[in-house]
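As a plain string of letters, each chain reads:
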Amino acid sequence: MQDAVQYQMRAIEINEGDLILSHPCARGVHRPYLTVTTPVFIPEHTKPIFFVANRGHHADVGGIMPGSMPSNSTSMNDEGAVFKSFKLVKDGIFQENAVVQHQKAIKGVFEENCIGPFMVHGVLSFAVAQECI
């Protein structure tokens, strides 16, 4: 988990009110493990004083079949949602439209795969809720 947080610290500018979503290539485990990292600020500091991170394993992240690593995969897109240093929440606002546009940019993830945007949106909303508890 420490490596995942450090990866985000190097990869993206993190501000108060941000939640950063990442997947395994950003020091995670495998595709269904989504890591959400939140900076914690105090008024006297311009940089985070520490980070809270949460990693959840989700049964389905939009691949060609539930789970991960389908035997008939021909690309990483076949395994589902891909978010690397993605601001799931920016300045305290859930980036719903950015999530949908990000995934539509990856050929076929929403149009052809099994769960579609509604389920991915639900998984990501749950990830935000986990981090806020």
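Residues numbered from 1 in each chain as written. Predicted model: local features only at pLDDT ≥ 70, side-chain atom pairs only at ≥ 80, totals over all residues. Heavy atoms only, no water.

Size it by volume and the largest pocket reaches roughly 150 Å³. M9, I12, I14, N15, F41, T46, K47, P48 and F51 together form the lining of the largest pocket. When grouped by side-chain class, the residues that make up the lining of the largest pocket number six nonpolar, two polar and one charged. (1 Å grid on protein atoms, 1.4 Å probe; cavity = no way out; pocket = protein on both sides within 12 Å on 5 of 7 lines; lining within 4 Å. Points joined across faces, edges and corners; volume = space filled by probe spheres on them. Nonpolar A, V, L, I, M, F, W, Y, C, P; charged D, E, K, R; others polar.)

Time to look at the confidence of the model for the protein. Note: predicted coordinates in regions of low pLDDT should not be interpreted at a detailed level. Here the protein averages 76 in pLDDT, while 69% of its residues score no lower than 70. Per-element confidence in the protein is highest for strand β4 (residues 86-90), whose mean pLDDT is 90, and lowest for helix α3 (residues 116-132), whose mean pLDDT is 60. (pLDDT = per-residue confidence, 0-100. Helix = DSSP H or I, 4+ residues; strand = E, 2+ residues; numbered from the N terminus.)

Before going further, it helps to examine the sheet that holds β4. Across a sheet, paired strands are connected by hydrogen bonds in the backbone, their directions being either parallel or antiparallel. Reading across from one edge, β3-β2-β1-β4-β5 is the order of the five strands in this open sheet, with antiparallel pairing throughout. The open sheet has two edge strands, β3 (50-57) and β5 (93-94), and neither has a second partner. The sheet contact formed by β4 and β5 spans two bridges and is antiparallel. Of the residues in β5, the one forming a bridge with V89 is F94. Seen against the sheet, helix α1 (residues 2-11) touches β1 (19-22), β2 (33-40) and β3 and runs at an angle of roughly 120° to β3. (Pairing = 2+ DSSP bridges. Contact = heavy atoms within 4.5 Å. Axes fitted to C-alpha atoms, helices over the stretch in contact; angles between N-to-C directions.)

Looking now at the side chain of S85. Position of S85 relative to the elements: it lies in the loop between β3 and β4. At 2.8 Å, the side chain of S85 forms a polar contact with the side chain of Q8. Among all residues touching S85, those that are not within four sequence positions of it are Y7, Q8, A11, I12, I20, L21 and S22. (Polar contact = N/O pair within 3.5 Å; in protein donor to acceptor, adjacent residues only side chain to side chain.)

On to the pairing of β4. Burial analysis of β4 places four of its five residues in the buried class, the great majority of the element. Where β1 and β4 come together, three bridges link them in antiparallel fashion. Along β4, the bridge assignment pairs L19 with V89. From the end of β4 to the start of β5, which pair antiparallel, there are two residues, and D91 there has a positive phi angle of about 55°. (Buried < 20%, exposed > 50% of the residue type's maximum accessible area, 1.4 Å probe, protein only.)

Attention now goes to the nonpolar core. Grouped together as the largest cluster of nonpolar side chains are 11 residues: L19, L21, L34, V36, V61, A81, F83, F86, L88, V89 and V99. It is β4 that contributes the most residues to this core, three residues altogether. (Core = buried A, V, L, I, M, F, W, Y, C linked by side-chain atoms within 4.5 Å.)

Once that is clear, we can look at α1. Here α1 has its buried residues at A4, V5, Y7 and Q8. Each buried residue of α1 lies within a common arc of 155° when the element is viewed along its axis, so the set occupies one face. Away from its buried face by more than 90 degrees, α1 exposes Q2 and R10. As for α1, its buried residues are in contact with β1, β2 and β3. (Arc of directions from axis to C-beta.)

A few words on the pattern of salt bridges. Taken as a whole and assessed by the stated rule, the structure comprises one salt bridge. The shortest N-O distance in the salt bridge between K87 and D18 comes to 2.9 Å. With K87 in strand β4 and D18 in the loop between α1 and β1, this residue pair connects regions lying 69 residues apart in the sequence. By relative accessible area, which is 16% here, K87 ends up buried. Of the residues examined, D18 reaches a relative accessible area of 1% and is grouped as buried. (Salt bridge = Lys/Arg side-chain N within 4 Å of Asp/Glu carboxyl O.)

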